[in-house]
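The primary structure of each chain is shown beneath.
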Amino acid sequence: MSSRADLIVGLQWGDEGKGKIADHMAQTYDFVCRFAGGHNAGHTIVVNGKKHALHLIPSGILNPKAKNIVGNGVVLSPHNFIEEMSQFDNLEGRLFISDKAHILLPHHALLDQAKEIRKGDKAIGTTGKGIGPAYSDKIARVGHRVGELFDCEKLASKIIKYFEHHSNIFIDIPIPNRDELMEELKGYRDILSPYITDTTQLIWRVLDEEKRVLLEGAQGTMLDIDHGTYPYVTSSTTISAGACSGLGINHRDIGEVTGIAKAYCTRVGNGPFPSEDLGEDGERLRVNGHEFGTTTGRPRRCGWLDAVALRHAVRINGVDQIALMKLDVLDGFNEIKVCVAYEINGKRIDYIPYDLEDAKPIYKKFEGWDNSAGIRDFNRLPAGAKEYIFAIEEMVKCRVGVVSTGPDREDTIIRE
Ligand code: GDP
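Please read these numbers as outputs of a predicted model, since none were measured by experiment.

Novice: Would you take a moment to explain the packing of helix H10 (residues 307–317) against helix H11 (residues 383–396) for this structure?
Specialist: Between two packed helices, the angle of one axis relative to the other and the distance separating the axes together describe the packing. Between H10 and H11, the shortest axis-to-axis distance is 9 Å and the interhelical angle comes to 60°. Taken as axis vectors, H10 and H11 run oblique relative to one another. In the packing of H10 onto H11, the handedness of the crossing is right-handed. Between H10 and H11, the residues in contact are Ala307, Leu310, Arg311 and Val314 and Ile392, Met395 and Val396, respectively.

Novice: What's the story with the site of the ligand in this structure? I'm lost.
Specialist: Residues in close proximity to the ligand total 17 residues, the closest being Gly17, Lys18, Gly19, Asp328 and Ser404. Between the ligand and Gly406, the relevant distance is 3.1 Å, taken from an oxygen atom to a main-chain nitrogen or oxygen of the residue. Relative to its unbound accessible area of 590 Å², the ligand is 80% covered by the protein chains. Take the shell around the ligand: its biggest share by element is three residues, from helix H1 (residues 18–26). When grouped by side-chain class, the residues that make up the shell around the ligand number three nonpolar, seven polar and seven charged.

Novice: Quick question: what am I supposed to make of the pattern of salt bridges here?
Specialist: Side chains carrying opposite charge are able to pair once their charged atoms draw close together. Under the criterion given, the structure shown has 13 salt bridges. Across the pair Glu283 and Arg286 runs a salt bridge, and its minimum N-O distance is 2.4 Å. Placement of the pair is Glu283 and Arg286 together in helix H9 (residues 280–288), with a separation of three residues, close to one helical turn. Owing to a relative accessible area of 38%, Glu283 belongs among the partly exposed residues under this scheme. Relative accessible area serves as the criterion here: at 15%, Arg286 is assigned to the buried category. What you see here is one network of salt bridges that share partners, running through Asp15, Lys262, Glu291, Arg300 and Lys326.

Novice: Teacher, can you tell me more about the state of the cysteines here?
Specialist: The bond known as a disulfide is covalent and runs between the sulfur atoms of two cysteines. Tallied over the full model, the rule gives zero disulfides. Just so you know, Cys244 is unpaired, no disulfide at all, and the nearest cysteine sulfur is the one on Cys33, 12 Å from it. Sulfur of Cys339: no disulfide; nearest cysteine sulfur belongs to Cys265 and is 8.6 Å away. Look at Cys339 and you get buried, because its relative accessible area is 0%.

Novice: Explanation requested: the nonpolar core in the structure shown.
Specialist: Inside soluble globular proteins, nonpolar side chains tend to come together where they are buried. Counting residues in each nonpolar core, the largest one holds 59 residues, and the members touching the most others are Leu215, Ile322, Leu327, Leu330 and Tyr388. Among the elements that make up this core, the one with the highest residue count is H11 (seven residues). Discounting chain neighbours no more than four positions away, the residues touching Leu330 are Ala263, Tyr264, Leu285, Trp304, Ile336, Trp369 and Tyr388. Counting 37 residues, the second-largest nonpolar core is a separate cluster that includes Val70, Ala101, Leu149 and Cys152.

Novice: Can you walk me through the sheet that holds strand E9 (residues 196–197) in this structure?
Specialist: Strands in a sheet are paired, the pairing made by backbone hydrogen bonds, and the direction either parallel or antiparallel. Read across the sheet, ten strands follow the order E9-E7-E5-E2-E10-E1-E11-E15-E19-E20 without closing on themselves; strand pairing throughout is mixed. With one partner strand each, in any of the chains shown, E9 and strand E20 (412–414) form the two edges of the open sheet. As judged from the three bridges shared by strand E5 (residues 67–70) and strand E7 (residues 95–98), these two strands associate in the parallel manner. Within E7, the residue paired with Asn68 across the bridge is Leu95. Strands in contact with H1 are strand E1 (5–10), strand E2 (31–34), strand E10 (213–216), strand E11 (254–262), strand E15 (321–325), strand E19 (399–404) and E20; relative to E1, the strand with the most contacts, it is inclined by about 165°.

Novice: Help me understand helix H7 (residues 199–208), please; the structure alone is not making it clear to me.
Specialist: An α-helical segment advances 3.6 residues per turn. Residues three or four places apart therefore align on the same side. Of all the positions in H7, only Thr199, Thr200, Leu202, Ile203, Val206 and Leu207 are classed as buried. Buried positions in H7, seen along its axis, are confined to an arc of 160° and lie on one side of it. With a side-chain oxygen positioned 3.1 Å from the backbone nitrogen of Thr200, the residue opening H7 is Asp198. Following H7 by one or two positions, Glu210 adopts a phi angle in the positive range, close to 60°.

Novice: Just to check I follow, could you spell out the packing of helix H5 (residues 152–165) against helix H6 (residues 178–192) for this structure?
Specialist: Running from N to C, H5 and H6 cross one another at 130°; their axes reach a closest spacing of 9 Å. Relative to H6, the element H5 lies oblique. Like other packed secondary-structure pairs, H5 and H6 cross with a definite hand, here right-handed. On the side of H5, the interface is formed by Cys152, Glu153, Leu155, Ala156, Ser157, Ile159 and Ile160, while H6 contributes Arg178, Leu181, Met182, Leu185, Lys186 and Arg189. A class-by-class count of the residues in the contact of H5 with H6 yields eight nonpolar, one polar and four charged.

Conventions adopted
Residues numbered from 1 in each chain as written. Predicted model: local features only at pLDDT ≥ 70, side-chain atom pairs only at ≥ 80, totals over all residues. Heavy atoms only, no water. Axes fitted to C-alpha atoms, helices over the stretch in contact; angles between N-to-C directions. Helix = DSSP H or I, 4+ residues; strand = E, 2+ residues; numbered from the N terminus. Parallel < 35°, antiparallel > 145°, perpendicular 65-115°, else oblique. Left-handed = near helix turned anticlockwise from the far one by under 90°. Contact = heavy atoms within 4.5 Å. Near = heavy atom within 4 Å. Polar contact = N/O pair within 3.5 Å; in protein donor to acceptor, adjacent residues only side chain to side chain. Areas by Shrake-Rupley, 256 points an atom, 1.4 Å probe, with all protein chains shown as cover. Nonpolar A, V, L, I, M, F, W, Y, C, P; charged D, E, K, R; others polar. Salt bridge = Lys/Arg side-chain N within 4 Å of Asp/Glu carboxyl O. Buried < 20%, exposed > 50% of the residue type's maximum accessible area, 1.4 Å probe, protein only. Disulfide = S-S within 2.5 Å. Core = buried A, V, L, I, M, F, W, Y, C linked by side-chain atoms within 4.5 Å. Pairing = 2+ DSSP bridges. Arc of directions from axis to C-beta.

Here it is as structure tokens:
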């Protein structure tokens, strides 16, 4: 018998508070694995008063007993990864990087920024870190894999050739100097080689040994390359299915799926967001929820919970239980709205259509409540908050198993 890996996945547009749940859960797992995305994702975790910024390294790194896998589905910037590693001591034997993960190099970020500028007001609102171009290269079969760092000479030649072939797009980006490139790659190799391995074999072995494994998603379902609001999406498979291809496991290897959703919605960057509130309520959510980008400080777009999108996310990810985050941010509103359907060209739609661009929200209203902040017992939640949770369960057809009422690890209700 082998064990099954549990999975956590964002159900909205990212920033759902995965950090808190991942940190909480990572304490009880032997292995924590990342399966998609790059260093555009991430969260800040505070342990014993010390802040740790995690972008690519899985949350298990903060549990001294847990080991961590960066899967093949990830795009890895060696430069940024090494910087992230420097926050921690004694990583050898606790951190494993797939030799099949793709390498993100500085020119990917330069390309990303140049493309966004050219798009003008049609810009996706990417973080400009090169994630999109690195995935484009992977799919176009001109990417470079982490395992190639073991032959830096060959890799340097390939990269130079790549620049020569793409000279039309590298107008303002100079071809790297071969010697300098070699030095850079060797530097990466020297630091990273103890960690690079065949993580597919590793995870199979670990599951066969019945270890407890947690799979950690990045970003959110509505940013998925296939199932999100294309083209305003990220370049990877963010849904639970991405864990299979991004780690080399099969669907039977997956156990319980916990979907993380905020009690309201936010979105960063451009693209449709039907339940966005551009008025006072949106501003209040932003301020109460501290909805500003962690690295950029960019204000996040804020609005009401979108039950249509959440139901879609529950189904597509096979969610067993929802962790409903930041319930306390809704404290003090007289009225709370939930988007229960969309109106598109005069028609009521209660599923995610081909295009969300012109979708207008149809709201159901709930009476507000006070003082849910810091409550740690479900029965002690204000009546309005409990009703809100029951209504969500009904609307999205999934149990809310965890409720978070504050940033503290202890401000968490686990419903039996
Ligand atoms: P993530 O990347 O998905 O973890 O999301 P964010 O980067 O937006 O992090 C969530 C932020 O909200 C962090 O600062 C958390 O400390 C905070 N947070 C998490 N859960 C709660 C909660 O239930 N209530 C409040 N008020 N803050 C929370």
